[in-house]
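Residue-level structure breakdown
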Amino acid sequence: MWTPDKPAIGAEAAGVPRHVAIIMDGNRRWAAKRHLPRQVGHRQGVEAVRVITRAAGEMGIRYLTLYGFSSENWNRPADEVSDLMGLLKLFIRRDLAELHQNGVQVRIIGGRDDLEPDIVSLIEEAETLTRANDKLKLMIAFNYGGQNEITDAVRRIAREVKAGRLDPEAISQDTVAAHLDTAGVPDPDLVIRTSGEKRLSNFLLWQSAYAEFVFTDVLWPDFSPERLKEAIAEFNLRDRRFGAVAPAEPAPVKS
């Protein structure tokens, strides 16, 4: 659970979405285009994470969620999976001090049962150290799948009903949201996917019900702060009605 939301340092940036979520796609294609091993693409992708995290904090984004490793990615070659696990450890070990110094609160969402104990320990260390930070809340979805998240939430709710702590008739959308991995986090305003693919790929399925989507052909290792600003500019052109009807314009006054 996140710490209670508090105002960001300085004024809230005008025109900046509160919560941006990014499906980081294209590391392998980036490497293939350069005739490099895919591991090089993943490493370059981690560099992009560092750059975009810093930029998000500077722009006044309050929440940044990055899709790092899906529950389906276990089906990739074993050496690639091992390299991705190593990159998560490297990111935490190398960047945790800087993230903490810059007021970033870190949270890893997704299943932990399949992860090695040393990775879980690093995750817990990062979350504990940065728990009180409130400039930017960085959430990394690792070993994460939206369908698994919703299924686990339903199980938790069912156990509460079975134990007599929850009336089934009292279950609401807020009840479900409170049992998700993202409990306490506002839903994303903007979801960005890099590399040209146009699908969610099991990412924040519940939370993205009213998010705006921006798809870009840019591969993740090449995604820069300028590209993030372009996506935000496109977001600001959208008419967000959340299912309601836009108010009618007043009729012109006849002279």
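Right above here is the structure, for reference.
A brief structural summary. All values reported here derive from a predicted model rather than from experimental measurement. (Residues numbered from 1 in each chain as written. Predicted model: local features only at pLDDT ≥ 70, side-chain atom pairs only at ≥ 80, totals over all residues. Heavy atoms only, no water.)

This structure, assessed with the given rule, holds seven aromatic pairs. Centre to centre, the rings of Tyr-67 and Tyr-144 are 6.0 Å apart; their planes meet at 85°, and the pair counts as edge-to-face. On the criterion of sequence distance, the pair formed by Tyr-67 in strand β2 (residues 63–70) and Tyr-144 in strand β4 (residues 136–144) is long-range, its members being 77 residues apart. Of the two residues examined, Tyr-67 and Tyr-144, each falls in the buried class. Taking 5.3 Å as the distance between ring centres and 85° as the angle between the ring planes, the aromatic pair formed by Phe-69 and Trp-74 counts as edge-to-face. Ring-pair connections join several aromatic residues into one group, and the members of that group are Tyr-67, Tyr-144 and Phe-203. (Phe/Tyr/Trp six-rings, centres within 6.5 Å; stacked < 30°, edge-to-face > 60°. Helix = DSSP H or I, 4+ residues; strand = E, 2+ residues; numbered from the N terminus. Buried < 20%, exposed > 50% of the residue type's maximum accessible area, 1.4 Å probe, protein only.)

With the rule as written, the count across this model stands at 21 salt bridges. For Arg-50, the salt bridge is made with Glu-47, and the minimal N-O distance between the two is 2.5 Å. With Arg-50 and Glu-47 both in helix α2 (residues 38–59) and three residues apart, the pair spans about one turn of that helix. Looking at Arg-50, the relative accessible area reads 6%, which means it is buried. (Salt bridge = Lys/Arg side-chain N within 4 Å of Asp/Glu carboxyl O.)

Quick look at the layout of surface pockets now. Any space left empty among the atoms is revealed by the rolling of a water-sized probe across them. Roughly 710 Å³ of internal volume is contained in the largest pocket. Counting residues per element, the ones that place at least two in the lining of the largest pocket are α1 (27–33), α2, β2, α3 (78–101) and β4. With five residues, β2 is the largest single contributor of residues to the lining of the largest pocket. Class assignment for the residues of the lining of the largest pocket results in 14 nonpolar, eight polar and eight charged. In this structure, the second largest pocket encloses a volume near 590 Å³. Taken together, 27 residues line the second largest pocket, and the ones lying closest to its centre are Arg-107, Ile-109, Gly-110, Gly-111 and Asp-181. (1 Å grid on protein atoms, 1.4 Å probe; cavity = no way out; pocket = protein on both sides within 12 Å on 5 of 7 lines; lining within 4 Å. Points joined across faces, edges and corners; volume = space filled by probe spheres on them. Nonpolar A, V, L, I, M, F, W, Y, C, P; charged D, E, K, R; others polar.)

Let us look at empty space enclosed by the protein. Under the criterion given, the structure shown has one cavity of 30 Å³ or more. By volume, the largest cavity is sized at about 50 Å³. Taken together, Leu-88, Phe-91, Ile-92, Leu-96, Leu-99, Val-106, Ile-108, Ala-126 and Ile-140 make up the full set of residues lining the largest cavity. When residues of the lining of the largest cavity are assigned to their parent elements, the largest contribution, five residues, is made by α3.

A few words now on the packing of α2 against helix α7 (residues 225–235). Two elements in contact, α2 and α7, have axes separated by 9 Å at closest approach and are oriented at 50°. Judged on the interaxial angle alone, α7 and α2 are oblique. The handedness of the crossing between α2 and α7 comes out as right-handed. Each of Val-51, Ile-52, Ala-55 and Met-59 in α2 lies in contact with α7, whose residues at this interface are Pro-225, Leu-228, Lys-229 and Ile-232. The residue inventory of the contact of α2 with α7, partitioned by class, reads seven nonpolar, no polar and one charged. (Axes fitted to C-alpha atoms, helices over the stretch in contact; angles between N-to-C directions. Parallel < 35°, antiparallel > 145°, perpendicular 65-115°, else oblique. Left-handed = near helix turned anticlockwise from the far one by under 90°. Contact = heavy atoms within 4.5 Å.)

Next up on the list: the pairing of strand β3 (residues 104–109). Counted residue by residue, β3 has six buried out of six residues, so it is predominantly covered. Strand direction decides the pairing type here: β3 and β4, joined by six bridges, are parallel. Following the sheet pairing, Val-106 is matched in β4 by Leu-138. (Pairing = 2+ DSSP bridges.)

Moving on, we come to the side chain of His-179. You can see His-179 is positioned in the loop between α6 (173–178) and β5 (190–193). With relative accessibility at 14%, the residue His-179 sits in the buried group. A polar side-chain atom of His-179 sits 2.7 Å from the main-chain carbonyl oxygen of Thr-175. (Polar contact = N/O pair within 3.5 Å; in protein donor to acceptor, adjacent residues only side chain to side chain.)

The biggest cluster of nonpolar side chains holds 46 residues, and the ones touching the most others in it are Ile-22, Leu-64 and Leu-228. If one sorts the elements of this core by residue count, α3 sits on top with nine residues. Every residue in contact with Leu-64, bar those within four places of it in the chain, is listed here: His-19, Val-20, Ile-22, Ile-52, Thr-53, Ala-56, Leu-136, Lys-137, Leu-138 and Met-139. Counting 13 residues, the second largest nonpolar core, distinct from the first, contains Ile-23, Tyr-63, Ala-141 and Val-185. (Core = buried A, V, L, I, M, F, W, Y, C linked by side-chain atoms within 4.5 Å.)

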